[in-house]
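Inside the fold
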Amino acid sequence: MYRIESAARLADRVYEYWIHAPHVARHARAGQFLIVRLHEKGERIPLTISAARGDAVRVIFMTVGKTTEELATLQAGESIMDVAGPLGRPSEIGNYGTCCVVGGGVGIASTPPIAAELKRAGNHVIGIIGARSADLLILEDEMREICDELYITTDDGSRGVHGFASDVLKRLLEERTIDRVWIIGPAIMMKVTSAVTAPAGVKTYVSLNPIMVDGTGMCGSCRVSVGGETKFACVDGPEFDAHQVDFDNLMQRQRIYTSQEKTAFERFAEHRCRCGEGGEQHG
Amino acid sequence: MGERPAEIRIHDFEEVDLGLSHDEAVAEAERCLQCKKPLCVKGCPVGIDIPGFVHQVAEGNFPAAARSLKDQNMLPAICGRVCPQETQCEGVCVLGNKETPIRIGALERFVADWERQNNPTLPDVARPTGKRVAVVGSGPAGLTAAADLARAGHAVTIFESLHEAGGVLAYGIPAFRLPKDIVRAEIEQVLALGVRLKKNHLVGMSVGLDELLGYDAVFLATGAGLPAFMGIPGENLNGVYSANEFLTRVNLMHADAFPEYDTPVLHAGRVAVIGGGNVAMDAARVARRLGAKVYLIYRRGEEEMPARRAEVVHAKEEGIEFLTCTNPIRILGKGGVTGIECVKMSLCEMDASGRRSPEPIEGSGFTLDVDMVIQAIGTSPNPLLVSLIPGLERGRKGNVVVDKNGRTSIPHVYAGGDIATGAATVIEAMGTAKRAAAAINAMLKGE
């Protein structure tokens, strides 16, 4: 069992948890993820490692289905049955010159460790973080601390630049030389944003988030098409060359269990409702 | 011994084979000729004293029979169920020349089940040696080596990357062939010898190589978990699974009990399973139990299938339709799977010279309407850890190169099971693990 050291709500449906998991925390590198299983009947879901400190790791997640909703009900002091990791290859950190780290929505959670390691490697680091609106923007202070420059965008203009992260990235590419770009966010955001760096031929990494089971290369659930070849995101990635990724196939495969996910969520919501009415209690 | 009828068992995951009764076991054991030079023992990869335990069964002394089994094999209830006895101990039984061989597997299972229900006893454990051994992987090889090394007095830690121990016993073999409470009970027996189990620990990731190589000895048993895909168009459509994924979702994650369990699996009306081994049979029979009409597509003839004959028979009884001498060339669909395009193969049956190369017959193409495809065409050694260890020699197929005692190119590092041999059987993995454990023990004692 792995104890939740702290639990906080960062924004609507976005939560930040610190979990005691020494075997993960002591070895975690930027770009890696972990897998949690909440309880005996739980599924295994991957979550990006957003920070590691001592024997604890931070995960930041948005409630998008049954398991993340259930995770969000856990309080500090409660435990998660299984935490495995760190998994996946670390980001390809090097001294490239000027690097841009772009985070969209809850994908911003992955950006601080990458930005920090790039900074330590001697790069000039530009951060761009974007969200639908100001209240959904997370980790602004943390990213401002790490990055040499930080740009903020919101779709509705409620904070920073009115528009998308890709708009800012495009402008920066026109103004100066950028040597490497990292983009982390929803699949559609990564597809659109990485299209901006393709004409200039700037090497761009995206962190893919397909459905996984074991996370160790054993099942192939997370297979993605990269440069026409099938890769396993869990062991060959999760970061890949953005300009080689078949995003449409990724998005198609993310929808495999849409109807089952709905069933599981409705069942969970109904159960939670009954609890709220003073009926059945959580065990 | 009986089997549950196909029309009943296809609706659940309960065991197919019901095992022997007390009287049946004794009667079967009494048939044993107690050969002076028993061939059966030579046919057993872990060298069980077969005439010894069979004699004890004939005398009705089941506790003694259980001790005899466990002396060489801490997983007898598992082996009694999944070993291919027909090609091993039973295959060489002299009774087989005139009548039927002794049903050694059924007797092993009977004794192990009897003992589990009647106060299991543990083998003796030697005094602590102060030596520490790391075992990587908790499948059949890892468990076997861990048990032998713990009995020799060494402090053994098993690292397992999943949340449950057992490797292929947990995620691969379905409950109707190998009930999971039995797997858990036999693993508990291994742990009761003093073996530490660290779950959720992926060596090389959660455990540094320095830490691993800092043990007095290391046994690598990471298995052949990497699934092969055919490389045909349409493979990344929704509804195409590796057998590993399909079986893991059901066996390990209990997707058959969704939504009570959180992990889903697609339910299809018509499923094509590709392959002819035990894993293909398992995948087909699981898909059948989830309610599908199942086709099994194999590019050679039925006689050439590597699966155990009994599993082929079980699959057929359960209504799996075999399409032999057939090869898939494309999976059809948009988003999800709608069909699979196949060709018939010539030269698909074995000739006198061995296995010929099947070739497609021109104009024989046809399309099968299915909404799920499961590929069970084999697995290869898991590269994740072994590719990280500097100086560890590997073969062309990614396997760790070992000598007959499991020694690798690094002095205190040994390997066994599928990571060394490539995909093989549970009992072969256990055999390699026993030899490696003996060599590790000798090394640690300075012999």
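Per chain, the residues get numbers from 1 upward, laid out in the order the sequence is written. Whichever chain is written first is A, and whichever ligand is written first is 1; the rest continue in order. Per-residue local features are limited, in this predicted model, to residues with pLDDT of at least 70; the limit for side-chain atom pairs, both in listing and counting, is 80 or more; totals at the level of whole chains, interfaces and linings are taken over all residues. Computation of side-chain values covers all heavy atoms of the structure but excludes hydrogens and water.

Some words on the sheet that holds strand β9 (residues 321-323) of chain B
All names here are of chain B. The sheet built from 5 strands is open, its strands ordered β6-β14-β7-β8-β9 with parallel pairing. For this open sheet the edge positions go to β6 (240-242) and β9, each flanked by a neighbour on one side alone. Strand after strand, the sheet turns through a mean of 20° between neighbouring axes, direction not considered. Two elements, strand β8 (residues 293-297) and β9, share 3 bridges in a ladder whose sense is parallel. Residue Ile 297 lies in a different strand from β9, and its bridge partner there is Leu 323. The criterion used for residue contact is that any of the two residues' heavy atoms lie within 4.5 Å. Each axis is a line fitted through C-alpha atoms, and for a helix only the stretch in contact is used; angles between axes span 0 to 180 degrees, taken between their N-to-C directions. By the criteria applied, helices consist of DSSP H or I runs no shorter than four residues and strands consist of E runs no shorter than two, each listed in order from the N terminus. In the packing of helix α14 (residues 243-252) onto the sheet, contacts are made with β6 and β14 (372-375), and the angle to β6 comes to roughly 85°. Note on pairing: DSSP must find at least two bridges between two strands before they are called paired.

Quick look at unusual backbone geometry
Residue and element names in this part refer to chain A. With an omega dihedral of -5°, the bond running from Gly 85 to Pro 86 counts as a cis peptide bond. As for its position among the elements, Pro 86 is in strand β8 (residues 82-87). The backbone of Arg 13 sits at a positive phi, close to 65°, despite the residue not being glycine. Looking at the secondary structure, you find Arg 13 in the loop between β1 (2-11) and β2 (14-20).

A few points about helix α15 (residues 278-289) of chain B
Given 3.6 residues per turn, any residue in an α-helix points the same way as the ones three and four places further on. Residues and elements named next belong to chain B. The end-to-end C-alpha distance of α15, which contains 12 residues, comes to 16 Å, matching closely the 16 Å that a straight helix rising 1.5 Å per residue would cover. In terms of residue burial, α15 counts as a mostly covered element, since 9 of its 12 residues are buried. Where α15 ends, the next residue or the one after it, Gly 291, has phi of about 105°, a positive value. Helix span, expected: 1.5 Å multiplied by one less than the number of residues in the helix. For the exposure calls, accessible area comes from a 1.4 Å probe over protein chains only, and a residue counts as buried if that area is under 20% of its type's maximum, exposed if over 50%, partly exposed in between.

Let's talk about the environment of Ile 331 of chain B
Inspection of the secondary structure puts Ile 331 of chain B in strand β10 (residues 326-334). Residues within four places of Ile 331 of chain B in sequence aside, it is in contact with Ile 232, Pro 233, Gly 234, Glu 235, Leu 237, Val 240, Val 337, Gly 339, Ile 340, Val 373 and Gln 375 of chain B.

Regarding the sheet that holds strand β7 (residues 79-80) of chain A
Two pairing modes exist for strands in a sheet, parallel and antiparallel, and in both the strands are linked by backbone hydrogen bonds. Residues and elements named next belong to chain A. Strand order in the open sheet made by the 5 strands is β5-β6-β2-β1-β7, with antiparallel pairing throughout. Single-partner strands in this sheet number two, and they are β5 (51-53) and β7. Inspection of the sheet shows β1 paired to β2 by 6 bridges, in the antiparallel sense. Looking at the pairing, Ser 6 lines up with Trp 18 of β2.

A word on empty space enclosed by the protein
Residue and element names in this part refer to chain B. Put plainly, a pocket is an open set of points on a 1 Å grid over the protein atoms alone with protein on both sides within 12 Å along at least five of seven lines, a cavity is a set where a 1.4 Å probe fits but cannot get out, and a lining residue has an atom within 4 Å of a point. Grid points are joined across faces, edges and corners, and a volume is the space filled by probe spheres set on the points. One pass over the full model with this rule turns up 6 cavities of 30 Å³ or more. Estimates place the volume of the largest cavity at around 140 Å³. Contributing to the lining of the largest cavity are 16 residues, with Cys 32, Cys 35, Cys 40, Cys 93 and Ile 102 lying nearest its centre. Tallying contributions element by element places helix α4 (residues 50-58) first for the lining of the largest cavity, with 3 residues. In this classification, the charged set is Asp, Glu, Lys and Arg, the nonpolar set is Ala, Val, Leu, Ile, Met, Phe, Trp, Tyr, Cys and Pro, and all remaining amino acids, among them Gly, are polar. Classifying every residue of the lining of the largest cavity by side-chain character gives 15 nonpolar, 1 polar and no charged. In this structure, the second largest cavity encloses a volume near 110 Å³. As for the second largest cavity, its lining consists of 15 residues, and the residues nearest its centre are Cys 44, Ile 48, Cys 89, Ile 104 and Glu 108. Elements supplying a minimum of two residues to the lining of the second largest cavity: α4 and α9 (104-117). When grouped by side-chain class, the residues that make up the lining of the second largest cavity number 11 nonpolar, 3 polar and 1 charged.

Describing the confidence of the model for chain A
Confidence scores here are pLDDT values: one per residue, from the predictor, ranging 0 to 100. In this model, chain A carries a mean pLDDT of 94, and residues with pLDDT of at least 70 account for 97%. Below pLDDT 50 for its whole length, residues 277-283 of chain A participates in 7 contacts with residues either more than four positions away or in separate chains.

A look at the environment of Ile 389 of chain B
Residue placement: Ile 389 of chain B occurs in the loop between α17 (383-386) and β16 (413-415). Ignoring anything within four residues of it in the chain, the contact list for Ile 389 of chain B reads Leu 209, Leu 212, Leu 220 and Ile 410 of chain B.

Looking at the side chain of Thr 63 of chain A
Residue and element names in this part refer to chain A. Along the chain, the position of Thr 63 falls in the loop between β6 (56-62) and α2 (66-73). For Thr 63, a relative accessible area of 3% puts it in the buried group. Ignoring sequence-local partners within four residues, the contact set of Thr 63 consists of Arg 13, Tyr 15, Thr 68, Glu 69 and Ala 72.

A closer look at the interface of chain A and chain B
Taken together, the contacts link 46 residues of chain A with 40 residues of chain B. Of the roughly 3,600 Å² buried where chain A meets chain B, counting both sides, 54% is carbon and sulfur surface. Two parts placed together each lose some accessible area under a 1.4 Å probe, and adding up what both lose gives the buried area. Its largest share of buried area at the contact with chain B, chain A owes to Lys 41, Met 218 and Arg 223 of chain A, together 20% of the area lost on that side. Throughout this description, the term salt bridge denotes a Lys or Arg side-chain nitrogen within 4 Å of a carboxyl oxygen of Asp or Glu. For the interface between chain A and chain B, the tally reads 2 salt bridges. For Asp 262 of chain B, the salt bridge goes to Lys 66 of chain A, with nearest N and O atoms at 2.8 Å. Any pair of nitrogen or oxygen atoms within 3.5 Å is treated as a polar contact; in protein, a donor-acceptor pairing is required on top of that, and neighbouring residues in sequence qualify only through side-chain atoms on both sides. For the interface between chain A and chain B, the tally reads 25 residue pairs in polar contact (both at pLDDT 80 or more). Looking at the side of chain A that touches chain B, the elements with two or more residues in it are α2, β8, β15 (223-226), β16 (229-232), α8 (247-254) and α9 (258-276) of chain A. The leading source of residues in the side of chain A that touches chain B is β8 of chain A, at 6 residues.

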